[in-house]
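Remarks on the overall topology
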Amino acid sequence: MAEAAELQGTTSAPARRWLRRAAALLAAVPLVAGLVQATVPSRADAAPKPTGSHSVDVAINSLTPATPTANDTLNIKGTLTNKGRAVINAGQVGLRVGPVMRGRSAIDTAATRTGYFPGDDGAEIDSRYAAKVGRLPVGGSRDFSLAVPLRQLPLSEDGVYQIAVSLSGETAKEPGYQQVLGIQRTFLPWQTTPPGKKTKLSFLWPVIATTQITARTDTDKQQTPVFRNDELAKELAPGGRLQQLVALGKDLPVTWVLDPDLLATVDVMARGYDVQDGEETTPGRGQEVARRWMAALDQAVQGHKVVALPFADPDLASLAHRGKVVSGTLSHLQSATKLAVSTVESTLQMTPETDFAWPVDGAIDSSVIDVATSAGAHRVITRSDSIQESDTLPYTPTSARPIGGGTTAIAADARLSTVFDGDMSRAENSTLAIQEFLAQTLMITQQTPERQRSIVVAPPRMPTANQAQAMATALGGLAPQRWSEPQDLSEAAKAKPDPAANRQVPGRGDYPKSLRKRELPTSAFSQIQETQRTLDRFRKVLTAEDRVVTPFSTAIMRDMSTSWRRDPRGGSAFRNDVSTYLQGLTERVGIIQKSPATLSGRSATIPVTVKNDLFQGVDKLRLVLTSSQPLRLKVSDPQDIKIEGGHSQSVKFEASARANGRTTIIAQLFTEDGQPYGEPMTFEVNVTSITSTVILVIAVGVLLLVLAGIRIYIKRKRSGPGTAGPDDKPGGQSPDSAPAPHVDPQNGPGAPAGTGPQDPAQPSDPSSDTGSQSTGPSGSGEKVDR
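Residues numbered from 1 in each chain as written. Predicted model: local features only at pLDDT ≥ 70, side-chain atom pairs only at ≥ 80, totals over all residues. Heavy atoms only, no water.

1. Observations regarding the nonpolar core
- Membership of the largest hydrophobic core comes to 72 residues, with the highest contact counts inside it found for Phe 538, Phe 552, Leu 623, Leu 625 and Val 685.
- With near-sequence residues (within four places) excluded, Leu 623 lies in contact with Ile 591, Val 608, Val 610, Pro 638, Gln 639, Ile 641, Val 651, Phe 653, Ala 667, Gln 668 and Leu 669.
- Ala 209, Phe 227, Leu 236 and Leu 242 belong to the second-largest nonpolar core, a separate cluster that totals 67 residues. (Core = buried A, V, L, I, M, F, W, Y, C linked by side-chain atoms within 4.5 Å. Buried < 20%, exposed > 50% of the residue type's maximum accessible area, 1.4 Å probe, protein only. Contact = heavy atoms within 4.5 Å.)

2. Here we look at the pairing of strand β6 (residues 159-171)
- A large share of β6 lies buried, amounting to 12 of its 13 residues.
- Both strand β3 (residues 88-100) and β6 contribute to a ladder of 10 bridges, which runs antiparallel. Following the sheet pairing, Val 93 is matched in β6 by Leu 167.
- Pairing geometry for β6 and strand β7 (residues 179-190), over 11 bridges, is antiparallel. Bridging across to β7, Tyr 161 finds its partner in Leu 188. (Helix = DSSP H or I, 4+ residues; strand = E, 2+ residues; numbered from the N terminus. Pairing = 2+ DSSP bridges.)

3. Regarding the packing of helix α8 (residues 260-270) against helix α9 (residues 287-300)
- Close contact between α8 and α9 brings their axes to 8 Å; oriented N to C, the two are set at 135 degrees. When the interaxial angle is binned, α8 and α9 end up oblique. Where α8 crosses over α9, the handedness of that crossing is left-handed. The segment α8 lies against α9, with Leu 262, Leu 263, Val 266, Asp 267, Met 269 and Ala 270 engaging Gln 287, Ala 290, Arg 291, Trp 293, Met 294 and Leu 297.
- Partitioned by chemical class, the residues of the contact of α8 with α9 number nine nonpolar, one polar and two charged. (Axes fitted to C-alpha atoms, helices over the stretch in contact; angles between N-to-C directions. Parallel < 35°, antiparallel > 145°, perpendicular 65-115°, else oblique. Left-handed = near helix turned anticlockwise from the far one by under 90°. Nonpolar A, V, L, I, M, F, W, Y, C, P; charged D, E, K, R; others polar.)

4. Things to note about the sheet that holds strand β9 (residues 213-217)
- Spatially, four strands are ordered β9-β10-β12-β13 in an open sheet, and the strand pairing comes out mixed. In this open sheet, the two edge strands, each paired with only one partner strand, are β9 and β13 (280-283). For this sheet, the mean inter-axis angle between neighbouring strands, taken without regard to orientation, is 45 degrees.
- Note: strand β10 (residues 225-227) against strand β12 (residues 274-277), two bridges, orientation parallel. What sits directly across from Phe 227, in β12, is Val 275.
- Relative to β10, α8 is tilted by about 110 degrees, and along the sheet it contacts β9 and β10.
- Across the sheet, helix α20 (residues 568-586) touches β9 and β12, and the angle it forms with β9 is around 20 degrees.

5. A few points about the packing of aromatic side chains
- Counted under the stated rule, the structure contains seven aromatic pairs.
- When the ring of Phe 227 is compared with that of Tyr 273, the centres are 4.5 Å apart and the planes differ by 35 degrees; the resulting orientation is tilted. Taken as a pair, Phe 227 in strand β10 and Tyr 273 in the loop between α8 and β12 lie far apart in primary sequence, 46 residues in all.
- We classify Phe 227 as buried; its relative accessible area is 0%.
- Taking the relative accessible area as the measure of exposure, Tyr 273 reaches 3% and is therefore buried.
- Ring geometry for Phe 552 against Tyr 581: centres 5.8 Å apart, planes inclined by 20 degrees, an arrangement best described as stacked. (Phe/Tyr/Trp six-rings, centres within 6.5 Å; stacked < 30°, edge-to-face > 60°.)

6. Points about the pattern of salt bridges
- Scanning all chains against the criterion turns up 28 salt bridges.
- Between Arg 401 and Glu 389 there is a salt bridge whose closest N-O contact spans 2.5 Å. One end of the pair, Arg 401, is in strand β17 (residues 400-404); the other, Glu 389, is in the loop between β16 (379-383) and β17, and 12 residues separate them in sequence.
- For the salt bridge of Arg 662 with Glu 684, the shortest nitrogen-to-oxygen distance reads 3.6 Å. In this pair, Arg 662 sits in strand β28 (residues 661-671) while Glu 684 sits in strand β29 (residues 676-687), placing the two residues 22 residues apart along the sequence. (Salt bridge = Lys/Arg side-chain N within 4 Å of Asp/Glu carboxyl O.)

7. Focus: the packing of helix α7 (residues 241-249) against α9
- Where α7 meets α9, the closest approach of the two axes is 9 Å, and the angle between their N-to-C directions is 30 degrees. Looking at the two axes, α7 sits roughly parallel to α9. The two elements α7 and α9 meet at a crossing, and its hand is left-handed. Facing Leu 242, Gln 243 and Val 246 of α7, the residues of α9 in contact are Trp 293, Ala 296, Leu 297 and Ala 300.

8. Focus: the side chain of Glu 436
- Mapped onto the elements, Glu 436 comes out in helix α14 (residues 427-447).
- Nearest to the buried, unbridged Glu 436 among oppositely charged side chains is Arg 415, at 6.8 Å.
- Residues contacting Glu 436, with those up to four places away along its chain left out, are Ile 107, Asp 108, Ala 111, Phe 187 and Val 419. (Lys, Arg positive; Asp, Glu negative; His and termini not counted.)

9. Remarks on α7
- All of the buried residues along α7 are Arg 241, Leu 242, Gln 244, Leu 245, Val 246 and Gly 249.
- Buried residues belonging to α7 abut β8 (199-207), α6 (231-236), β11 (255-258), α8, α9 and α15 (465-477).

Shown next, in the form of structure tokens:
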């Protein structure tokens, strides 16, 4: 203690303060650590293990028959998975039957409920029909199977029953305590007596695919099409999505809804096609599967109602909300409707119904209806979650709803249409969806047995193979037609409307925001229209325009396809490829750049070369040369252009100079209606004709020669003939009397004898202009084209 007191007494003040702070900090560390532990949960706390009736996941993978009768045995197969924290030492799987359900909303509630509810889930049936389960470790799985005669179930009346498969047992943590550790619910439609009036059911069977054909074609006579990829061949092959749709749908009472673009694609695919591979193309490999699929489809649709959507299935909502502001966009929808009829007739040899429009997910508003009807459709397939009923209506009304202007909205039932939207590749999901579909259809019939209604089902637009299989199984459960009967879509559209049903079309502000976010942007429609304008200019100059117009017109329709909602980047790339490729084709016809030229005379010809690198001829073009300074250099009139494919043409223009200096010439091609074609080409012409100073010098020289001649003539007159002076030389001639050289007033001294003035019939410029007027080489006073 003394040593400590002594040490404390000798410690300086700063040192003491530092020690106190360090001690306080060390004392706070446990407190901070405790706070961190209290506020930051461990990984186990963040994701707790299921307990109680959520400990085991019960999956019902199959339930047969889906719509049993009194003499049937209900067979249920499934899988148990222990997701809890404790080992299950002993347990059994049993079937529970709840009370009969009242109303469609009760089915909705039961389908979403999890965990065990004693009052709602009913009691387990006789344990003789239960399956014993041995030890089930944590994370372990085990299959089970139940077989229960229907007469053993407490089914007191016709209707929809909730049934459940549950696992009851003990865990290692709570031995001797029996509890429900897991449960899965589904539905059992039960009918023993015929209903008063069956519900008429129209089920759409969509055969639609993402567009594959590009605007590119080979240069051969057949114009072999070029595909984006070869994915379509996989969908058409056995087991593929489209193959399954056709194979399953041929025996079902459905209305086929076809995209004519798919039919056209498979048709040309069967005759041979190429696939893009970077900058090159490779032969496609799906010719045989395309032939087989088209033959199967042709056979499957015989005797069925076929509805053809507009060609390439254009996105009606995007057109209504984003495209309508771009002038001319709606004309593509009208063209797509016309093309749909001819495509189906040529591929399937039948005339389809084209009076139907099907917006995405059946979502409509007033603007979507306007766009749909602008192309001639007066029957719009919507959905009951778009045209919603009031809560006071105690039953599901008929789908057909007159909405004014001769247009009928067909409100497909939202519950039935969306029940197959999920991942049907899992047997559990597929089984539950099938049973829910069947339960809902029976509940609709039982709502008002004395009132017959017409119900439409619009499933996913492009169902997967697993979704198609689930839909086919569900429709197969209605095959005995015990509480419903099939009808086609046209009959459903003509059904007598329910007077109590809602007929009010939602306003534009009511359109779902989730769908609006996926619409094609306005910029896409602007790009489409620019491509169309380019095509319109290009087609006017072609001698075989169908080879270009046909592939690009259909490509423009494909630019607006609904399928791009699933692949917005792919849609953008597709539109860019169409516009870029077309622009590249137009640039193959144009004016070759010309270097600066010199004009060293009063007049000359200026040659300009036009190229045509296409594989077909161009015609009805006019080449115009415009001088930026016409008072200095004037160019002759425009000339018509006609060039065979793969050739160039040199066109010569007469030019006359009036003053020296540099002049810019603009060369531009025009179509026959006066529209510019391609970019203008400019070049310079330097005019270097004879200057005024040079002309003055020459004139003075000529004058001097004339004066000299006059002087010599006067001297000769003065001397007279035969007169000799003192300076006469021998021979009688003096130097001044010698014969003077001949002086021609026109040509000057030194001209050959006999050359006098020119014939007045000849032009003042004896040499001809260059170019086509002259067969000899250019003179120094003519234009030189460098």
